[in-house]
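# Descriptive structure summary
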Amino acid sequence: MSAEQTLILVKPDGVARGLTGEILRRIEAKGYAVTGLRMLSADRELLAAHYAEHAGKPFYEPLIDFMSSGPTVAIRAEGDRVIEGFRSLAGTTDPTAAAPGTIRGDLGRDWGLKVQQNLVHGSDSPESAARELALWFA
Ligand code: RTP
Ligand code: MG
């Protein structure tokens, strides 16, 4: 069986703050292989498809605005249990609550913002990973 794959995004806050290298470093240091890498400014159509599960929630519009505010780096990463493993490296959604040692816990910010600018996205299941990789690496 081939290794599991996931979609990781360095969100516009991470790119703007110059943290792309640091985030890639952590992914590779853990032992995952980077098998796809792409920088793009996501349009609202792509973001609406990516975040379809959140449509209608109070943070949805601010989230789409935030995610269209600048370039994103899309990463296809591969490795044994990479989906669970990257979410563990990323830390919990809220950067203030995220544990030190995680990407969001060490580097993320949420104070005074309409939406959590938590630096990264990681697919949350094999089904999400397949769906999201098809969107971002079409
Ligand atoms: P992601 O999908 O980005 O990996 O993050 P996640 O699973 O930890 O979080 P999810 O619940 O899927 O939410 C998607 C993204 O929406 C923003 N968010 N802001 N109350 C808020 O301010 C709020 N809630 C969610 C975050 O950017 C989150 O990553
Ligand atoms: Mg999510």
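For clarity, every value in this text was computed on a predicted model and none was experimentally measured.

### Here's the deal with the overall build of the protein
Looking only at helices and strands, the protein has 7 helices and 4 strands in total. In the protein, the succession of α and β elements from N to C terminus is β-α-α-β-α-α-β-α-α-β-α. Here the C-alpha radius of gyration of the protein, 14 Å, is about what a compact globule of 138 residues would show, namely 14 Å. The C-alpha extent of the protein, read off along each of the three principal axes, is 40 × 35 × 25 Å.

### Some details on the UniProt feature "binding site: ATP" (unreviewed entry) in the protein
Listed under "binding site: ATP" (unreviewed entry) in the UniProt record, and renumbered for this structure, are Lys11, Phe59, Arg87, Thr93, Arg104 and Asn118. With respect to the element layout, arginine 87 can be found in helix 5 (residues 82-90). When neighbours within four sequence positions are excluded, arginine 87 is seen to be in contact with Gly122 and Asp124. Along the polypeptide, threonine 93 turns up in the loop between helix 5 and helix 6 (103-107). For threonine 93, a count of 13 C-beta atoms within 10 Å gives the class partly exposed.

### Observations concerning the confidence of the model for the protein
Keep in mind that low pLDDT regions are not for reading the predicted coordinates in detail. With 99% of its residues at a pLDDT of at least 70, the protein reaches an overall mean of 96. This complex was scored by the predictor with a pTM of 0.95 and an ipTM of 0.90.

### Remarks on the sheet that holds strand 1 (residues 5-10)
Strand order in the open sheet formed by 4 strands is 2-3-1-4, with antiparallel pairing between adjacent strands. Of all the strands in the sheet, the pair left with one neighbour each is strand 2 (33-40) and strand 4 (120-122). The sheet shows a mean angle of 20° between the axes of neighbouring strands, taken without regard to direction. Relative to strand 3 (residues 72-78), strand 1 runs antiparallel, the two sharing 6 bridges. Bridged to threonine 6 within strand 3 is alanine 77. Contacts from helix 5 reach strand 1, strand 3 and strand 4 within the one sheet, and its direction differs from that of strand 1 by about 25°.

What counts, and at which threshold
Residues numbered from 1 in each chain as written. Chains lettered and ligands numbered in written order. Predicted model: local features only at pLDDT ≥ 70, side-chain atom pairs only at ≥ 80, totals over all residues. Helix = DSSP H or I, 4+ residues; strand = E, 2+ residues; numbered from the N terminus. Rg over C-alpha atoms; globule rule 2.2 N^0.38 Å. UniProt positions renumbered as here; feature names shortened; annotations may be inferred. Contact = placed C-beta atoms within 7 Å. Buried ≥ 20, exposed ≤ 12 C-beta atoms within 10 Å, placed from the backbone. pLDDT = per-residue confidence, 0-100. Pairing = 2+ DSSP bridges. Axes fitted to C-alpha atoms, helices over the stretch in contact; angles between N-to-C directions.

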